[in-house]
Amino acid sequence: MYPGFISYWKSHHSGAGPCGGAHYSYAWCGPSPGVGRRRRHGRAEGDPFRGFSGRSGFHGDFVFGAGGLGMRRPLRFLAYRLDLDDRQVSRLGRILEGVKVEREQAAVDLRRAAGELADALEESTIDEDRLRAAGERRINAGRRVQEAVARAMGELHELLDEDQREDLAGLIRTGALRL
């Protein structure tokens, strides 16, 4: 976790929420569940990090893995955690941008395939060729994303030194970084 985030977290989860007082919930300014203590997503007032998993809503990630490598700001996170220099940060940005573009294109292909399936269902007779084409579009989109991630991993391997690669592998193993 970025060290500057800890003071922000403590100040925003200390019980004095936007509506004031420890007996009001952070999200909707009504009485919070529990008597005399504040609970939100499994965290009690005395321990702001209890139950914190670092995961929030990953919309659409079930299809191609985590969008943007599993976090909102992967470049900043990786630059901090791997202690990258300026040259490495700029190259990493290009690598991540390539993966992002491929995932966005795959999402477009999925929407097109869904439209093709819907069009095929609207007709009076089912067109097997249309259904097959829509299925192929979905398969090809997933394959292209997998190839882009594999290319990115190869480029990352060349970019990082041995210690940085070990740190990156540890982030992937622990789930702090999802591919």
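For the structure itself, look to the data block above.
Below is a summary of the structure that appears in this document.

The rules behind each value
- Residues numbered from 1 in each chain as written.
- Predicted model: local features only at pLDDT ≥ 70, side-chain atom pairs only at ≥ 80, totals over all residues.
- Heavy atoms only, no water.
- Helix = DSSP H or I, 4+ residues; strand = E, 2+ residues; numbered from the N terminus.
- Buried < 20%, exposed > 50% of the residue type's maximum accessible area, 1.4 Å probe, protein only.
- Contact = heavy atoms within 4.5 Å.
- Areas by Shrake-Rupley, 256 points an atom, 1.4 Å probe, with all protein chains shown as cover.
- Salt bridge = Lys/Arg side-chain N within 4 Å of Asp/Glu carboxyl O.
- Arc of directions from axis to C-beta.
- Axes fitted to C-alpha atoms, helices over the stretch in contact; angles between N-to-C directions.
- Parallel < 35°, antiparallel > 145°, perpendicular 65-115°, else oblique.
- Nonpolar A, V, L, I, M, F, W, Y, C, P; charged D, E, K, R; others polar.
- Core = buried A, V, L, I, M, F, W, Y, C linked by side-chain atoms within 4.5 Å.
- Expected span 1.5 Å × (residues − 1).
- Polar contact = N/O pair within 3.5 Å; in protein donor to acceptor, adjacent residues only side chain to side chain.

### A short note on the overall build of the protein chain
Helix and strand counts for the protein chain come out as 6 helices and 0 strands. Seen in sequence order, the protein chain has helices and strands lined up from the N terminus as α-α-α-α-α-α. When the 179 residues of the protein chain are sorted by exposure, 26% land in the buried category. Long-range pairs, those at least 24 residues apart, make up 58% of the contacts in the protein chain with a sequence separation of at least 6. By element, 52% of the accessible surface of the protein chain is carried by carbon and sulfur atoms, the whole surface being about 11,700 Å².

### A closer look at the pattern of salt bridges
All told, the structure shown has 8 salt bridges when counted by the stated rule. The partner of E102 in a salt bridge is R144, with the nearest N and O atoms 3.1 Å apart. Remark: R144 occurs in helix α5 (residues 128-159) and E102 occurs in helix α4 (residues 86-122); sequence separation between them is 42 residues. Residues R137 and E116 are paired through a salt bridge, measuring 2.9 Å at the closest nitrogen-oxygen approach. Remark: E116 occurs in helix α4 and R137 occurs in helix α5; sequence separation between them is 21 residues. For R137, a relative accessible area of 26% gives the class partly exposed. What makes E116 partly exposed here is its relative accessible area of 22%. Among the ionic contacts, a cluster of salt bridges with common partners joins E102, D109, R112 and R144.

### Overview of helix α3 (residues 74-82)
Among all positions of α3, only P74, L78 and L82 are buried. All buried residues of α3 project into a common sector of 35 degrees when viewed along the axis, lining one side. Where α3 is buried, its residues contact α4 and α6 (162-174).

### What about the packing of α4 against α5?
At a closest axis distance of 8 Å, the pairing of α4 and α5 adopts a crossing angle of 175 degrees. As far as their axial angle goes, α5 and α4 are roughly antiparallel. Taken together, the residues of the contact of α4 with α5 break down into 18 nonpolar, 2 polar and 14 charged.

### A short note on the nonpolar core
General note: in soluble globular proteins, nonpolar side chains tend to be found buried as a group. Core analysis: the biggest nonpolar cluster contains 18 residues, and L78, L82, L92, L156, L159, L160 and L168 have the highest contact counts within it. Secondary structure elements with two or more residues in this core: α3, α4, α5 and α6. Looking at this core element by element, the count peaks at 6 residues for α5. Residues contacting L92, with those up to four places away along its chain left out, are L75, L78, L84, L156 and L159.

### Some thoughts on α6
If you check α6, its first and last C-alpha atoms are 19 Å apart, about what 13 residues at 1.5 Å a residue would give, namely 18 Å. Residues of α6 that are buried: Q164, L168 and L171. In a view along the axis of α6, the buried residues occupy a sector of 55 degrees, so they form one face of it. Exposed residues on α6 whose side chains face more than 90 degrees from its buried face are E162, D163, E166, R173 and T174. Buried residues along α6 sit against α3, α4 and α5. At the N-terminal end of α6, a side-chain oxygen is found 3.3 Å from the backbone nitrogen of D163, two or three residues along, and the residue is D161. At the exit of α6 stands G175, carrying a positive phi of roughly 90 degrees.

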